[in-house]
Amino acid sequence: MNGSFFIRHKTGCLCAVLACAAVCGALLTRVRPDETIHAMIPAAVREKVELFEHSPLNKKIFAVVSAPSAEEAETAAQTLRENLEEEHLVRAPFAPGPDFALELFYALPPRFTEQDARAAEQILSPEYVSQKMRENYENLLSMEGLLLKPLISADPLGLTGMMTRKLAALGAGTGVDFKGGFLISPDGKTLIGLYDYAGEDSFRGAAEFSARFTQLAGSLGENVRAFYLGGLRYTVENISVIRADLWRVTALALVALAAVFFIFLRRKSALLIYLLPIIILPPAALVTYAVFGGISGITLGFGSVVAGLSADYSIYLFFAMQKGRQSPQEAVKRLKKHLLCNFMTSSLCFAALFCSSVELFKQIAVFSVTGLLLALLLALYIFPPFWTDADDTASAPAFTVRALPKKWALGIACATLIFGAWGAAHTNFSGDVEDLNSTSAEFKAQKAVFDAAFARASADNALVFVKGSSVENALENNETASVLFPAPLAVSGVLPSARAKRENAARWNDFWNAPRTQYARLLIEEESAKTGLNPAAFAPFWNQLKNPAEDAFDFTQLYNPVAKLKDGAFAVVNVVPNTPENEAAANRAGAVFESGAGLKKELLASVRGEAVKIVFLSLVFNLLAVFLVLKNLRETLFCFVPVVLAGCFTFGCFWAFGVKVNLFVLVFLPLLTGLGIDYGIFQVMKFRSGGREHTVYPPTALWTAGLSTLAGFGVLALAKHGVLFIMGLSSFLGICGAMLAAQFILPAFLEDKTCAR
């Protein structure tokens, strides 16, 4: 099929294209964007980030209540819990009742370790038994005596203390108290309730929960501040920001492109270029969705960038036909090599992104290459026949741009290189996963309250993940690992495996053999006689020693430290002090040890490694591609002048203005390579023509292409989401630098002083 077919049937072809775009747009409305943090993380640290995601606490809702006094805070927290449960918004964890201490005593035999056996030896001394029996007598005479009688009858020696110490070990060193089902700050004025979300697992359900929680929090009183944190809140915040950004960015991009159209493309038929995003983005999004089984809102937000890039092919052809008064076939023939080279360089830059281990980068690569391919096909075959029609619209303004003198160009280029080198060495790169989220000012203020009360506890501790193929296997591995740590892992003491339960129960029976039981009975009877207590009242205790009750204690109702991982395996999550000794012990045990600070460090190192790989591949791919087209090493290297200077200008500005850069600047680096090379190729091609092709390569075309791309990229800098913002800001700086370098500096090196005729 040749170009004449599209000329003869131009209206039918355009209608078919528009109909296809409309169908794709309708299908796209049924697609729900996915937002998961692990899609933004390099593979080197993704496993550890996913472990944090799958840890039990990460799935909890943290309902934070603070008040001027500890009493007000406790009352408000209780009221909020009751209201949340009453409206079935959450499932509250098991709250210990009056019989909880008795339950702990009956839970002791399956958790009776060698250390407990040694402690029990001390308990059986006459002095200890005498003291304990006096305490029992005083407690029975107190106001709570009626409630304490069952516990004293079952546990006159206070063995329950062994279990309470095991529970207390879970919070050892955290600086946080756990009481009545709440985490309590040291001053008692901030309480946190840990709940399971009971609503619909969707953004809509999460948004409804957020709205209802806000209403309930507002009813607690003027002096009480209540809010919630957790993964659910991050989901609501991120998707809300991204959705708002998509509408705002798309609208601003269309307005900016309209301004470029009004200034440079003053023909009715050029409206096709303005409609290009509407035509290519829906099919590109659907292809991406089909490839990955989902699509991120950030990828869709990148659509404005693809729109700006894709317009270049049509703009170059439009101006070539307008200035040269050429037929569609002639214009396509003369520019086809140039356009194919531009497409190849841009696609290879995105191919470098596809080589990244960040899944979201791969989405952006597929989305962009598909959009650019559609734009190229439209520019070569569908649009040109419409640009031969004359109309009465005023033509675009013509102007002359002169390159800088060679000495000035060389001086500015050297200064820019120094500026960029210093900036790259001193740019503030963030390794904080938190910077990949985007949250409201209200959320940041609320999190500051939480951090003020509990951040130190979090900073001083680390997580140890011990994996296993099943829950039992993970628990067994956790017990094996526990002995390697300076202090035993607390979880192994309260949530033993079935094998450990059998061993502990056997140890209990061996310890309380007949002679030892008779000795304990004798001591208790002697002390009972002194206080007037009836020895027969302790029958439950003797029965427990001989025939321990079946273990009915379910620690997971209080806190479930077992996480099911993405690959179907399981991991026991332990909280330990963040010390080198514990890290070394975890390594010996084959467990994963991770702290917040350590994760940031690893993420930053991984990001830098990804950056080097992506930039290297992008440069190599494009160097080879351009050399194959130009077959001249000197001219090939000149094409990279705008790339290098634009990169230096961008990183210099990052440093100069104190911009905090997250890992998504990696998306910009290969894009800058592709864009800068495109502008360099434009000037080199014009230089090659020796002035004969100024109708094909007018400066207006380069300015229009650059500004249209800037309209697509630059508006992202107005986005509130941190990822979209950094891509927009870096692209805005980079495109400006590449345009200026291509227009004013590169021609001086090419020894073509005049950039327009």
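Below is a short write-up of the structure.

Cut-offs used in this document
Residues numbered from 1 in each chain as written. Predicted model: local features only at pLDDT ≥ 70, side-chain atom pairs only at ≥ 80, totals over all residues. Heavy atoms only, no water. Helix = DSSP H or I, 4+ residues; strand = E, 2+ residues; numbered from the N terminus. Buried < 20%, exposed > 50% of the residue type's maximum accessible area, 1.4 Å probe, protein only. Areas by Shrake-Rupley, 256 points an atom, 1.4 Å probe, with all protein chains shown as cover. Arc of directions from axis to C-beta. Contact = heavy atoms within 4.5 Å. Expected span 1.5 Å × (residues − 1). Pairing = 2+ DSSP bridges. Axes fitted to C-alpha atoms, helices over the stretch in contact; angles between N-to-C directions. Phe/Tyr/Trp six-rings, centres within 6.5 Å; stacked < 30°, edge-to-face > 60°. Lys NZ or Arg CZ within 6 Å of the ring centre and 35° of its normal. Core = buried A, V, L, I, M, F, W, Y, C linked by side-chain atoms within 4.5 Å. Salt bridge = Lys/Arg side-chain N within 4 Å of Asp/Glu carboxyl O.

1. A word on the overall build of the chain
What the chain contains, in helices and strands, is 31 helices and 12 strands. In the chain, which comprises 757 residues, the share counted as buried stands at 53%. With an accessible surface of roughly 33,300 Å², the chain has 61% of that area assigned to carbon and sulfur atoms.

2. Considering helix 25 (residues 580–589)
Those residues of helix 25 that sit buried are Asn582, Ala585 and Ala586. Around the axis of helix 25, the buried residues are gathered within 100° of arc, so they sit on the same side. Exposed side chains of helix 25 directed beyond 90 degrees from the buried face belong to Pro580, Asn587 and Arg588. Residues of helix 25 that are buried make contact with strand 8 (461–468), strand 10 (570–577) and strand 11 (592–594). Looking one or two residues beyond helix 25, the residue adopting positive phi is Gly590, at roughly 75°.

3. Quick word on helix 13 (residues 276–292)
Counted at 1.5 Å a residue, the expected span for helix 13 with its 17 residues is 24 Å, and the 25 Å between its end C-alpha atoms agrees. Buried within helix 13 are the following residues: Leu276, Pro277, Ile279, Ile280, Leu281, Pro282, Pro283, Ala284, Ala285, Leu286 and Thr288. Residue Gly293 follows helix 13 closely and has a positive phi angle near 70°.

4. Side note on the environment of Ala625
Relative to the assigned elements, Ala625 resides in helix 26 (residues 596–630). A C-alpha to C-alpha distance of 8.6 Å links Ala625 and Leu348, two positions 277 residues apart in sequence.

5. Points about the sheet that holds strand 10
Two modes of strand pairing occur in sheets, parallel and antiparallel, and in both the strands are linked by backbone hydrogen bonds. Ordered by their spatial adjacency, 4 strands build an open sheet running 9-10-8-11, and the pairing between neighbours is antiparallel. Every other strand in the sheet has two partners, leaving strand 9 (562–564) and strand 11 as the edge strands with one partner each. Taken over all neighbouring pairs, the strand axes of this sheet differ in orientation by 30° on average, direction set aside. Relative to strand 11, strand 8 is paired through 3 bridges, and the arrangement is antiparallel. Across the sheet, residue Leu463 finds its bridge partner in strand 11, namely Glu594. Most of the contacts of helix 20 (residues 471–482) go to strand 8, to which it runs at about 125°, and overall it touches strand 8, strand 9 and strand 10.

6. Here we look at the packing of aromatic side chains
Tallied over the full model, the rule gives 19 aromatic pairs. Ring geometry for Trp512 and Phe541: centres 6.2 Å apart, planes at 80°, overall edge-to-face. On the criterion of sequence distance, the pair formed by Trp512 in the loop between helix 22 (498–511) and helix 23 (514–531) and Phe541 in helix 24 (residues 539–546) is long-range, its members being 29 residues apart. Of the two residues, Trp512 and Phe541, neither departs from the other in class, the shared state being buried. Arg516 extends its terminal NZ or CZ atom over the ring of Phe511, reaching a point 4.0 Å from the ring centre.

7. A closer look at unusual backbone geometry
In this model, His88 sits at a positive phi of 60°, which is unusual for a non-glycine residue. Structurally, His88 can be placed in the loop between helix 4 (70–86) and strand 2 (90–91). For His88, a relative accessible area of 65% puts it in the exposed group. Non-glycine residue Lys631 carries a positive phi angle of around 55°. One can find Lys631 in the loop between helix 26 and helix 27 (633–639).

8. A word on the nonpolar core
Core analysis: the largest hydrophobic core is formed by 92 residues, its most contacted members being Tyr316, Leu317 and Phe383. Those residues in contact with Leu317, other than ones at most four positions away along the chain, are Ala331, Val332, Leu335, Leu339, Ala379, Leu380, Pro384 and Trp387. Grouped together as the second largest cluster of nonpolar side chains are 52 residues, Phe100, Ala107, Phe541 and Ala569 included.

9. What about the pairing of strand 5 (residues 190–197)?
Burial within strand 5 is extensive, with 7 of its 8 residues counted as buried. With antiparallel pairing between neighbouring strands as the criterion, strand 4 (residues 182–184) and strand 5 make up a hairpin whose turn holds 5 residues, including Gly188 at a positive phi of roughly 75°.

10. Let's talk about the pattern of salt bridges
On inspection of all chains with the given rule, the structure shows 7 salt bridges. Put simply, Arg111 and Asp551 hold a salt bridge, and the shortest N to O gap is 3.2 Å. Of this pair, Arg111 sits in the loop between helix 5 (100–106) and helix 6 (114–123) while Asp551 is found in the loop between helix 24 and strand 9, placing the two residues 440 residues apart along the sequence. Exposure remark for Arg111: the relative accessible area of 2% places this residue in the buried category. We classify Asp551 as partly exposed; its relative accessible area is 21%. Notably, a salt bridge pairs Glu527 with Lys530, separated by 3.3 Å at the nearest N-O pair. Highlighted residues: Glu527 and Lys530, both in helix 23, separated by 3 residues, approximately one helical turn. Each of Arg111, Lys501 and Asp551 takes part in one network of salt bridges that share partners.

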